[in-house]
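In case you want the letters, here they are:
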Amino acid sequence: MAAVPVDRAMAMTGLMETEATAAVGKARQPEDPRDRQPGARAYAAEAGGLSTVYADLHLHIGSTEAGEPVKISASRNLTFRNLAHEASARKGIRLLGVIDAHSPGVQADIAGLLERGEMEEAPGGGIRYRDTTVLLGSEIEVKEPGTGPAHYLIYLPAFDAMRSFTGWMSRHMRNVRLSSQRIYVSGRALQEETKSRGGLFVPAHIFTPHKSLYGSSADRLSDVLDPELVDAVELGLSADTAMASRIPELDRYPFLTDSDAHSLAKIGREYNELRLAEPSFAEFAMALKGQAGRRILTNYGLNPKLGKYHRTHCHSCGTTSESDDDEERCPLCGNARRVGGVADRIRQLGAMAGRAEPKLDPKRPPYVYQVPLEFVPGIGRKLLDKLLDRFGTEMAVLHRAAAQELADTVGPEAASRIVQAREGTLELQAGGGGRYGKVK
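This section reports on the structure supplied with the text. Everything numeric here is computed off the predicted structure, so don't read it as measured data.

Cut-offs and rules
Residues numbered from 1 in each chain as written. Predicted model: local features only at pLDDT ≥ 70, side-chain atom pairs only at ≥ 80, totals over all residues. Heavy atoms only, no water. Buried < 20%, exposed > 50% of the residue type's maximum accessible area, 1.4 Å probe, protein only. Helix = DSSP H or I, 4+ residues; strand = E, 2+ residues; numbered from the N terminus. Pairing = 2+ DSSP bridges. Phe/Tyr/Trp six-rings, centres within 6.5 Å; stacked < 30°, edge-to-face > 60°. Lys NZ or Arg CZ within 6 Å of the ring centre and 35° of its normal. Core = buried A, V, L, I, M, F, W, Y, C linked by side-chain atoms within 4.5 Å. Contact = heavy atoms within 4.5 Å. 1 Å grid on protein atoms, 1.4 Å probe; cavity = no way out; pocket = protein on both sides within 12 Å on 5 of 7 lines; lining within 4 Å. Points joined across faces, edges and corners; volume = space filled by probe spheres on them. Nonpolar A, V, L, I, M, F, W, Y, C, P; charged D, E, K, R; others polar. Polar contact = N/O pair within 3.5 Å; in protein donor to acceptor, adjacent residues only side chain to side chain.

**With respect to the pairing of strand β5 (residues 132-143)**
- A large share of β5 lies buried, amounting to 11 of its 12 residues.
- Across 4 bridges, strand β2 (residues 95-98) lies against β5 in parallel orientation. Counterpart to Leu 96 in the pairing with β5 is Val 134.
- Note that strand β4 (residues 127-129) and β5 share 3 bridges and pair antiparallel. Considered in β5, the bridge of Tyr 129 is made with Thr 132.
- Between β4 and β5, which follow one another and run antiparallel, lie 2 residues, and Arg 130 among them has a positive phi close to 50°.
- Turn length for the β5-strand β6 (residues 149-156) hairpin, with the two strands adjacent in sequence and antiparallel, is 5 residues, and the turn residue Gly 146 shows positive phi of about 80°.

This is how it looks when you write it as structure tokens:
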């Protein structure tokens, strides 16, 4: 199914709203004493049925509470606790994937939060904070002989399973304390180890240049992985469902759209709308398989033009192609120092596989173009705080607030831009070569 505006997607799915976004039109109550009891009020509205859960499953940790670096390029205030609180209190995202949970320093923080009662282990898997559950994951780099590196995401069902996995990784990795480190085993061996622990395996940002399966490692997934042991694929910020549907071997897998956040503000810039009984590892695994009514309802993501690697870019003269580009050298300056764009790479892979146009499965969830609030011109910190004071969370602003309510809160001009952002109708300039696109 092609990308559609938010309002149409909501009408198509007929979704019921949950507590995460029920604060529309009301002031937030951060001091509610029930909020101090982990999990005490999280699922009261969901008894006996399934409901909507927004999920962002690729989030980094910048540092531990003790100041130990984890993801070097991430913000230092991106700790495990701060991440969970931001997602619950401001974003309205109830299922998170922290993919640096293998780090012993992060594990020490989690253990402390559990001991103090600030968080608890969810019965279905994950770490629960208020109405939000954090899945424990790891982003790992693998370089097969004769190929470039690729990044893979793994998620494990329990804290003990992740700590045990760290012990195994430490025998095959030079520095297990840091994020996204290279492990000296094959992709298939990593898959088997993940599955032996009851985990899920997802190729990360699968088309991105430099460090992804299709971007730098292989022309076919089956060249480097066991296709039977892949649970889903993550599209990355520079691709969408229509683009990925040019690759026949991906037809069998669900697609995920995640933020790859390196700061608190970036949480939820891409996310997934799921139908679950509760946010947990077990429910997420069922959704990937489409079992018992659990499923992915919608992928919400940036228009690929906003991604850093959407179009081919020349590092010599700084130009980014605006159309299909298969040239080895820049047509303007003749230099070969070019970073291939995701759009061009996908077109190349599709041609190799005999599929020149996307083959869209009508049963696949819709991909909705949505510009995050922080990308919207004129929406600074003060206006965002006003919106959150009125509507509770960013998910409520993007999915539930009426245009007139927005105008009453931040004025008609800003409200109009927010409506355009959630309908995907803002005018964009394409990104490439490591630079994000932008809203014109």
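**Quick look at the packing of aromatic side chains**
- For the structure on display, the rule yields 7 aromatic pairs.
- Their ring planes at 15° and their centres at 5.5 Å tell us that Phe 207 and Tyr 214 sit as a pair that is stacked.
- Residue Phe 207 is classed as buried on the basis of its relative accessible area of 1%.
- In textbook terms, an aromatic cluster arises when at least three aromatic residues are bridged by ring pairs, as seen for Tyr 54, Tyr 271 and Tyr 300.
- Above the ring of Phe 159, the side-chain terminus of Arg 163 is found at 3.9 Å from the ring centroid.
- Positioned above the aromatic ring of Phe 255, the side-chain terminus of Arg 364 is 3.7 Å from the ring centre.

**Some points on the nonpolar core**
- Formed by 100 residues in total, the largest nonpolar core has its most connected members in Phe 80, Phe 207 and Leu 250.
- Discounting residues that sit within four places of it in the chain, Phe 80 has contacts with Ile 61, Val 98, Val 106, Ile 110, Leu 113, Met 119, Ile 127, Val 134 and Leu 136.
- The next biggest cluster of nonpolar side chains, apart from the first, holds 21 residues, and it includes Ile 99, Leu 153, Ala 232 and Leu 256.

**Digging into empty space enclosed by the protein**
- Taken as a whole and assessed by the stated rule, the structure comprises 2 cavities of 30 Å³ or more.
- Size it by volume and the largest cavity reaches roughly 40 Å³.
- In terms of lining, the largest cavity is formed by Asn 303, Tyr 369, Gln 370, Val 371, Ala 421, Gly 424, Thr 425, Leu 426 and Leu 428.
- Partitioned by chemical class, the residues of the lining of the largest cavity number 5 nonpolar, 4 polar and no charged.
- As for the second largest cavity, its lining consists of Gly 268, Arg 269, Tyr 271, Tyr 300, Gly 301, Leu 302, Gln 370, Val 371, Pro 372 and Leu 398.

**Some remarks on the side chain of Lys 71**
- Among the structural elements, Lys 71 can be located in the loop between β1 (51-59) and α2 (80-91).
- Here Ser 180 takes part through its side chain, which lies 3.1 Å from a polar atom of the side chain of Lys 71.
- With residues up to four places along the chain from it excluded, the contact list for Lys 71 reads His 60, Ile 61, Gly 62, Arg 76, Asp 100, Ser 179, Ser 180 and His 262.

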